[in-house]
Each structure stands twice: as structure tokens, then as C-alpha cells.
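What follows is each chain in one-letter form.
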Amino acid sequence: MLFRTPIAIQDGSMELQQLRYVVAVAETNSFTRAAERCLVVQSALSHQIARLERELGARLFERTSRRVRLTAAGAAFLPAAHQCLDAAQRAAAEVAAAVGQVRGHLRVAVIPVITAVDVPAALQRFHRTFPQVRVGLKVGVSEDLVEQIRHGQLDVAFVGLPLSARPEAVDARELKREKLVAVVAADHPLAAARRADLHRLSGETFVDWPAGTAGRRQSDEAFDAAHVTRDVAFEVSSVEHLGTFVREGLAVAMLPASYARQLSDVATLEVPDAPARREWLVWSRGDRSPAAGAFLDLLRGHEESADGGDLIGPAVARVAGERAPSRSRE
């Protein structure tokens, strides 16, 4: 019987580096781009992956002149490679935590509009306090972010859900409840009304989030409850695009009141039977990394402190690099 020598996974060893190379190629679909990401010459990266393939007795990638893709063996190997790299990273972070240091990675996600927490300010404060932690931020839809929390792909997420829903199979804390308002162009016939119910709004053309998402569902449920239908002609994934459609007079939108009032060149209408949503902070029910625990402690500490309004309160959260919306003109 033939026995193969098992791959030794040791932090800093060439074997661990091989796994990093495999993950990089799988994510970029390119040996060239993977080498650039890993800061290594392509020949060295290709050699180490070939060496690993010989060790495993199977090819991990199909290589042609036009593309690179995972083989069936590669697809089976990739999740284990991720787990090994995560375990090595977690082990290093736990050792650092044992001697009073917080290191490693913090993976944070937000939906396009969060009004309960100033996420960039929170991340800035966290980075100043724990400069050795590498912070990543992504934007997505609530359902996907909660699912990624469940599977350990994210550490912390800020999501929004209709009042009829709550995050499942994760730890969660409600941050805020808020009604939505209607947002129309400044010269829209309804702009001077300042108030309109869903029945009156149902004759308008709407721009909204994609069908099936939590952001869309909160409005759909409200219109259903009012026994009226509406025309959603435009579906967008960013609040900037949503605002553009409204300002150009192409559609009406429903947005959280505290966000909508800060948009320029639009009018907001109070809607007595408007949909509402709850914003949540969610994290994994399993063991938290030292970085995730420190970030949650930072949020909790500032919420409970006298100056907590800097992070948790009426401030509008913005994705890093995004310009703050300007104030509406009265």
C-alpha cells in the first residue's frame, strides 16, 4: 500500500504559503494576478502549486492559454485550504491576545444605508486603538450578510430588516427602529404636499432595491397591507443611484427618514402608513476572534458612555470613501 506524506501546515512555512497561492489563483482566475497579489514572481508561485499538486496526486487547476479554473479536485480542496489559513491566522491572533495584544483580521459588512451607527467613525476609532488589526469592509444586502455571518465568512455586520423579520441563527442586537418616508424630486407635483399615504403614492413610478431583498420587502409588505399595488420600474443596488433617479424626476423612493432628510434637491413626504425597518448589529454565535470581540466591546462601550452619540445614535453611517450627503435646502 502506498502512503503519501501529509502536508505539514505550519505558520510561516512553505506549505502554508502553497495554500495562500492556491487561494489567490482561485480568487483571481489568473496565475499572473495571483503572483502580483502575493508579491512573488509568477514562476515561483507556479512551481509551488505544481509541487503541491504532486504531493496531493491531483491537479488543482485547468490551465489553458485563455483561462485558469479549478478542477473538481481543486474545488474540493479550496474550502479546506481556507479553513487551514483561517486556523493559522486565528492561532496567531489567540497567542497575541494571550499576551495582551489584539491582532489578526476584522471583517465588517454593512448595507448601503445604516443610520444607527457611524461605521467609518467606529472603524477609525478601532484602528487607532488596535493598529495591528487589518480591517476589511464590504457592502451587501442583509440576507447575504447574515448568511455570511452564520458561515464564519464575516465577523460583524450591520443590517436592516422589516419589522416582520429578525436575524436567525446569529447573535444580534437591535440598534434602531425607523419609519420610511417618500422621497420625490424637488419639482414633483407632490413636493408641496409634505404628506401622502400609500394609496396616493401607488400611482407613482418607483425606484427601489432588488426584488426579494430585505430593503425591498419592507416596502412591498407595507403596500400589500394597504391593499394597493405600485410600479417598481427601476431596481438599483446603491443609494447613490436611487437618489439620482429621484432627483431627475424619474421615480419616487422610500428611504429611512433620518437619511432622506439629508439629501439635496429632493423633497420628503411623511407617510402615515409607511413601512418601517429595524437596524441590527449581528455577529456569530460561535467563538469570536479577539479582533471581533474588541470591536463589539468598542461599540458597546461607546453606546453606554456619555459620548456614545459619536458612534451609535442619529448619525448617518457612510461607507468608507463615500461623500457625506449634503443638507436639504429648506
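Remember, it's a predicted structure, so these values are computed and weren't measured experimentally.

Participant: Would you explain the environment of Gln48 in this entry?
Facilitator: Counting through the fold element by element, Gln48 comes out in helix H3 (residues 42-56). Exposure remark for Gln48: the relative accessible area of 10% places this residue in the buried category. With 27 residues separating them along the chain, Gln48 and Tyr21 place their C-alpha atoms 8.0 Å apart. At 3.3 Å, the side chain of Gln48 and the side chain of Arg51 are in polar contact.

Participant: Whenever I open this one, the environment of Ala35 confuses me. Can you help?
Facilitator: Its location among the elements puts Ala35 in helix H2 (residues 31-38). Given the relative accessible area of 3%, Ala35 is considered buried. Separated by 11 residues in the primary sequence, Ala35 and Ala24 have C-alpha atoms spaced 7.9 Å apart. In this structure Ala35 touches Val40, Val41, Gln42 and Leu45, once residues within four positions along its chain are discounted.

Participant: What should I look at first to understand the confidence of the model for the chain in this one?
Facilitator: When pLDDT drops low, the exact placement of atoms in the prediction is not to be read closely. With 84% of its residues at a pLDDT of 70 or more, the chain has an overall mean of 84. Between residues 1-14, whose pLDDT stays under 50, and residues either more than four places distant or in other chains, the model counts 20 contacts. Between residues 312-330, whose pLDDT stays under 50, and residues either more than four places distant or in other chains, the model counts 51 contacts.

Participant: Hey, could you run me through the nonpolar core in this one?
Facilitator: Most often, soluble globular proteins have nonpolar side chains that are buried together. Core analysis: the biggest nonpolar cluster contains 38 residues, and Leu106, Val117, Phe126, Phe158, Leu281, Phe295 and Leu299 have the highest contact counts within it. Those elements that provide at least two residues to this core are strand E3 (104-110), helix H5 (119-129), helix H6 (142-150), strand E5 (156-162), strand E11 (276-283) and helix H11 (290-304). Of the residues forming this core, the biggest block, seven residues, is contributed by H11. Core analysis: the next-biggest nonpolar cluster, separate from the first, contains 22 residues, Val23, Val68, Phe77 and Leu78 among them.

Cut-offs applied
- Residues numbered from 1 in each chain as written.
- Predicted model: local features only at pLDDT ≥ 70, side-chain atom pairs only at ≥ 80, totals over all residues.
- Heavy atoms only, no water.
- Helix = DSSP H or I, 4+ residues; strand = E, 2+ residues; numbered from the N terminus.
- Buried < 20%, exposed > 50% of the residue type's maximum accessible area, 1.4 Å probe, protein only.
- Polar contact = N/O pair within 3.5 Å; in protein donor to acceptor, adjacent residues only side chain to side chain.
- Contact = heavy atoms within 4.5 Å.
- pLDDT = per-residue confidence, 0-100.
- Core = buried A, V, L, I, M, F, W, Y, C linked by side-chain atoms within 4.5 Å.

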